[in-house]
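# Commentary on secondary and tertiary structure
Listed below are the residues making up each chain.
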Amino acid sequence: MKNEKLAQILEQAKLDIEASKTSEDIANCRNKYLAKKSELSAMSSLIGSLPPEERKDFGAEVFQTKSQISSLIEEKAKDLQAQELAAKLAKETIDISLPGRSLTPGGKNPFHVVKDEMIDIFLGMGFTVADGPEVETDKYNFELLNIPQDHPARDMQDTFYINDTELLRTHTSPVQAHTMEKAVGKPIRIICPGKTYRRDDDDATHSHQFAQIEGLVVDKGINIGHLKATLELFAKKMFGEKREIRLRSSYFPFTEPSVEVDINCANCGGKGCNMCKGTGYIEILGGGMVHPNVLTMNGYDAEEYSGFAFGIGIERVAILRYGIDDIRRFYQNDVRFLHQFRKKA
Ligand code: PHE
């Protein structure tokens, strides 16, 4: 190169480009050597002022220098960009060998699945849902149900007393008395799902807290055929068309006659197996015709009105429905258990 100034610029540019460590450095080089205010631009504007015989060579030299610097800069810029991208990628690497944090959707506890289904079945038969307190008085839990003080039937339902007159209800039956009291002699058709409590040693089949659905129908001309038909329909809807029920005579102070209702065993079809303890049937509920004393005590004329009542253990139904091995699983909230009942999307 003949022009010394141009040679110097080129040398300096090479050094600066070489020394550039970042895209920003190289952008500075671009600015310094190629922008309008650069020395090189100043030199190209000299071209016009030169005598014509020098113009061509000098012009060519300026152009050559400029394009050399430009290509060195672009080459370096590309390298730096690639380096920077590689560094960024390395920094942002996601360790895909780590298990992700998944958001698992929740689902209903099988207890509630079954409870809601039971309620739906009875709503479909024209029942409405009634409610009552879990902390009851002795009067509603026992006396108005024909279980006076010192009645031996009290022993069947060992109780959590709060004081002499208040206790945690041992069954949902006190809602019968509350409902009759409110209905003041009018027809009734209610169910009441709710928690109940009995002093018990917890094990696979016993829990000090469990739940029942109470049913009560009071009207003129109600007979045991209505009770049987209602429970039969319930059993078929809950457990399948092929299921049959059996009424066994039993005893509750607040119903007369009283029955215990069994359903034929789904496991063996009635032949007898481990699940039904060889009997072919499994007990699912207690019920009966409302005792005339209960009707009278709660404001009904027992000559004119009659009724039936039943109490179904909700966990019991859920256990039979799903083949669950331990009643405590409903309350422990172990997700490994609960996930098995999650509705598939
Ligand atoms: N309350 C009874 C129990 O808990 C069940 C029942 C309800 C029986 C209604 C008859 C009528 O065992």
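In what follows, the structure referred to is the one given above.
In short, a report on the structure. Position labels on residues start from 1 in each chain and follow its written sequence. Whole-chain, interface and lining totals are the exception, using all residues; otherwise, since this is a predicted model, local features are given only for residues with pLDDT of at least 70 and side-chain atom pairs are given and counted only at 80 or more. Processing note: side-chain calculations cover all non-hydrogen atoms of the structure and skip hydrogens and water entirely.

### Considering empty space enclosed by the protein
Here a cavity denotes grid points, spaced 1 Å and computed from the protein atoms alone, that fit a 1.4 Å probe unable to get out, and a pocket denotes an open set having protein on both sides within 12 Å along at least 5 of 7 lines; residues with an atom within 4 Å of a point are the lining. Grid points are joined across faces, edges and corners, and a volume is the space filled by probe spheres set on the points. Scanning all chains against the criterion turns up one cavity of 30 Å³ or more. Within this model, the largest cavity holds a volume of roughly 40 Å³. Every residue along the wall of the largest cavity is listed here: Ile147, Ala153, Met156, Gln157, Phe252, Pro253 and Phe254. In this classification, Asp, Glu, Lys and Arg are treated as charged, Ala, Val, Leu, Ile, Met, Phe, Trp, Tyr, Cys and Pro as nonpolar, and every other residue, Gly included, as polar. Taken together, the residues that form the lining of the largest cavity break down as six nonpolar, one polar and no charged.

### Focus on the sheet that holds strand 1 (residues 128–129)
Strands sit in the order 1-4-5-9-8-7-6 across an open sheet of seven strands; the sheet is mixed. Of all the strands in the sheet, just strand 1 and strand 6 (245–252) have a single pairing partner and so form its edges. Only strands joined by at least two bridges in the DSSP assignment are considered to pair. What counts as a helix is a DSSP run of H or I of at least four residues, what counts as a strand is a run of E of at least two, and both are numbered from the N terminus. Here strand 7 (residues 255–264) pairs with strand 8 (residues 281–290) via eight bridges, running antiparallel. What sits directly across from Glu260, in strand 8, is Gly286. Where helix 7 (residues 174–183) meets the sheet, it contacts strand 4 (188–197), strand 5 (209–220), strand 8 and strand 9 (305–313), and its direction lies at approximately 145° from that of strand 4. Packing against the sheet, helix 8 (residues 224–239) makes contact with strand 6, strand 7, strand 8 and strand 9, and its axis sits at approximately 30° to strand 9. Residues are treated as being in contact if the distance between any of their heavy atoms lies within 4.5 Å. For helices, the fitted line uses only the C-alpha atoms of the stretch in contact; every axis is such a line through C-alpha atoms, and the angle between N-to-C directions lies from 0 to 180 degrees.

### Concerning the environment of Ala153
Relative to the assigned elements, Ala153 resides in the loop between helix 6 (138–141) and strand 3 (166–168). In this structure the C-alpha to C-alpha distance between Ala153 and Gly270, which are 117 residues apart in sequence, comes to 32 Å. What Ala153 contacts, discounting residues up to four positions off in sequence, is Ile147 and Pro253.

### Some thoughts on the site of the ligand
By nearness alone, 15 residues border the ligand, and His171, Ser173, Arg198, Gln212 and Gly311 come closest of all. We call two N or O atoms a polar contact when they sit within 3.5 Å, provided that within protein one can donate a hydrogen and the other can accept it, with sequence-adjacent residues counted only if both atoms are side-chain atoms. At 3.0 Å from a nitrogen atom of the ligand is found a side-chain nitrogen or oxygen belonging to His171. Here an oxygen atom of the ligand sits 2.9 Å away from a polar atom, N or O, in the side chain of Gln212. For the ligand, the accessible surface in isolation is 320 Å², of which the surrounding protein chains cover 92%. Secondary-structure elements contributing two or more residues to the shell around the ligand are strand 5, strand 8 and strand 9. Tallying contributions element by element places strand 9 first for the shell around the ligand, with three residues. In terms of residue class, the shell around the ligand is built from four nonpolar, nine polar and two charged. Consider each residue's heavy atoms; a residue with any of them within 4 Å of a molecule or strand counts as near. Under the convention used here, a 1.4 Å probe and the Shrake-Rupley method define accessible areas, while residue burial counts only the protein chains that appear.

### A few points about the pairing of strand 7
Taking burial as the measure, the 10 residues of strand 7 include eight buried ones, the bulk of the element. By the bridge criterion, seven bridges tie strand 6 to strand 7 in an arrangement that is antiparallel. Each bridged residue has a counterpart across the sheet, and for Arg246 the counterpart in strand 7 is Asp262. Taking the residues that link successive antiparallel strands as the turn, the strand 6-strand 7 hairpin has two residues. Only protein chains enter the accessibility calculation, which uses a 1.4 Å probe; a residue whose area is less than 20% of its type maximum is buried, one above 50% is exposed, and one in between is partly exposed.

### Some points on the packing of aromatic side chains
When the centres of two rings from Phe, Tyr and Trp lie within 6.5 Å, Trp using its six-membered ring, the rings pair. Their planes under 30 degrees apart give stacked, over 60 give edge-to-face, and anything left gives tilted. Inspection of every chain in the model, using the stated rule, returns 12 aromatic pairs. Following the ring pairs from residue to residue traces out a cluster consisting of Phe111, Tyr322, Phe330, Tyr331, Phe337 and Phe341. The criterion is that NZ of a Lys, or CZ of an Arg, lies within 6 Å of the ring centre and within 35 degrees of the ring normal, and then a charge sits over that ring. One residue, Arg246, lies across the ring of Tyr281, its end atom 4.0 Å from the ring centre. One cation-aromatic arrangement involves Arg321 over Tyr322; the distance from NZ or CZ to the ring centre is 5.7 Å.

### Remarks on helix 3 (residues 39–46)
Of all the positions in helix 3, only Leu40, Ser41 and Met43 are classed as buried. Each buried residue of helix 3 sits inside an arc of 160° when the element is viewed along its axis, so together they form one side. Turning to helix 3, the residues buried within the fold contact helix 1 (4–19), helix 2 (23–34) and helix 4 (52–91). Picture the helix axis, draw a direction to every C-beta atom, and the arc is the one those directions span.

### What to know about the nonpolar core
What we call a nonpolar core is a set of buried Ala, Val, Leu, Ile, Met, Phe, Trp, Tyr and Cys residues that are connected through their side-chain atoms within 4.5 Å. Within the largest apolar cluster, 44 residues are counted, with the highest numbers of intra-cluster contacts made by Met118, Phe122, Phe234, Met238, Phe310 and Ile312. At the level of secondary structure, the elements contributing two or more residues to this core comprise helix 5 (110–124), strand 5, helix 8, strand 7, strand 8, strand 9, helix 10 (314–322) and helix 12 (335–338). Residues within four places of Ile312 in sequence aside, it is in contact with Met118, Phe122, Ala211, Gln212, Ile213, Phe234, Ile284, Leu285 and Val317. Judged by nonpolar contacts, the second largest core, of 22 residues, contains Leu145, Ala183, Ile188 and Tyr300.

### Notes on the packing of helix 1 against helix 2
Helix 2 packs onto helix 1 with a crossing angle of 165° between their chain directions and a minimal axis gap of 10 Å. Here helix 2 runs roughly antiparallel to helix 1, going by the angle between their axes. Remark: the crossing between helix 1 and helix 2 carries right-handed chirality. Judged by residue contacts, Ile9, Gln12, Ala13, Asp16 and Ile17 of helix 1 engage Ile26, Cys29, Lys32 and Tyr33 from helix 2. Angular relationships are summarised with four words: roughly parallel below 35 degrees, roughly antiparallel beyond 145, roughly perpendicular across 65 to 115, and oblique for the angles in between. Each crossing gets its handedness from the near helix: less than a right angle anticlockwise from the far helix is left-handed, clockwise is right-handed.

### Structural notes on the environment of Asn267
By the element assignment, Asn267 lies in the loop between strand 7 and strand 8. Distance in space between the C-alpha atoms of Asn267 and Leu320 is 9.7 Å, their sequence separation being 53 residues. For Asn267, the residues in contact, after removing those within four places along its chain, are Cys273 and Met275.

### Description of the pattern of salt bridges
The term salt bridge refers to a pairing of a side-chain nitrogen on Lys or Arg with a carboxyl oxygen on Asp or Glu at a separation within 4 Å. With the rule as written, the count across this model stands at 14 salt bridges. Among the salt bridges present, the one from Asp138 reaches Arg154, with a minimum N-O distance of 2.8 Å. You can see Asp138 sitting in helix 6 and its partner Arg154 sitting in the loop between helix 6 and strand 3, a full 16 residues away along the chain. Among the residues examined, Arg154 registers a relative accessible area of 12% and is labelled buried. Measuring nitrogen to oxygen at the nearest pair gives 2.7 Å for the salt bridge that ties Arg248 to Asp262. Here the residue Arg248 occupies a position in strand 6, and Asp262 occupies one in strand 7, the gap between them amounting to 14 residues. Among the residues examined, Arg248 registers a relative accessible area of 30% and is labelled partly exposed.

Worth remembering: the numbers are spatial, not functional.
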